[in-house]
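Chain by chain, the residues run as shown.
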Amino acid sequence: MIALLLAHLDAIAHGTERPRTVEEHRGQIEERLRNLADSAHEAVEIGGGVLVR
């Protein structure tokens with residue numbers, strides 16, 4: 001799911017509201033998605049899980 005969102009990041013960022021620029025939105029969204037992916041990978045390594053709300 002994260003890879004799908006990252007693949008369409010430009011379209012997602014363009015659909016966000018201002019006052020931030022599209023580039024700022026894109027960077028923030030990408031950072032959050034990558035943090036989520038990193039947490040999920042770490043959880044799998046230790047046999048845990050990640051709750052996303």
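Now for a description of the structure that goes with this document. Bear in mind the structure is a predicted one, so any value in this text is a computation, not a measurement. (Residues numbered from 1 in each chain as written. Predicted model: local features only at pLDDT ≥ 70, side-chain atom pairs only at ≥ 80, totals over all residues. Heavy atoms only, no water.)

**Some details on the overall build of the chain**
Working step 1: Looking only at helices and strands, the chain features three helices and zero strands.
Working step 2: Each helix (α) and strand (β) of the chain, taken in turn from the N terminus, gives the series α-α-α.
Working step 3: In terms of overall size, the chain is more extended than a compact globule, its C-alpha atoms giving a radius of gyration of 13 Å where 53 residues would be expected to give roughly 10 Å.
Working step 4: The principal-axis extent of the C-alpha atoms belonging to the chain is close to 40 × 20 × 15 Å.
Working step 5: Residues counted as buried form 17% of the 53 residues belonging to the chain. (Helix = DSSP H or I, 4+ residues; strand = E, 2+ residues; numbered from the N terminus. Rg over C-alpha atoms; globule rule 2.2 N^0.38 Å. Buried < 20%, exposed > 50% of the residue type's maximum accessible area, 1.4 Å probe, protein only.)

**Comments concerning the pattern of salt bridges**
Close approach of charged atoms lets side chains of opposite charge pair.
Working step 1: Tallying each qualifying case throughout the model produces three salt bridges.
Working step 2: The partner of Asp10 in a salt bridge is Arg26, and the shortest N-O contact between them spans 2.6 Å. Within this pair, whereas Asp10 is found in helix H2 (residues 9-14), its partner Arg26 is found in helix H3 (residues 22-45), the two being separated by 16 residues in sequence.
Working step 3: Residue class for Asp10 comes out partly exposed when judged on its relative accessible area of 43%.
Working step 4: Of the charged contacts in the structure, one is a salt bridge between Glu30 and Arg26, with a shortest N-O distance of 3.3 Å. Here Glu30 pairs with Arg26, and both are found in helix H3, just four residues apart, close to one helical turn. (Salt bridge = Lys/Arg side-chain N within 4 Å of Asp/Glu carboxyl O.)

**Overview of the environment of Ala11**
Working step 1: Note that Ala11 resides in helix H2.
Working step 2: What makes Ala11 exposed here is its relative accessible area of 56%.

**Looking at a nonpolar patch on the surface**
Working step 1: Together, Met1, Leu4, Leu5 and Ile12 make up a nonpolar patch on the protein surface, roughly 390 Å² of accessible area in all.
Working step 2: Within the secondary structure layout, Met1 lies in the segment before helix H1 (2-7).
Working step 3: A residue is classified by how much of its surface remains accessible, and Met1, at 74% relative accessible area, is exposed. (Patch = residues over 30% accessible without salt bridge, like charges linked within 9 Å, V, L, I, M, F, W, Y side chains within 5 Å. Areas by Shrake-Rupley, 256 points an atom, 1.4 Å probe, with all protein chains shown as cover.)

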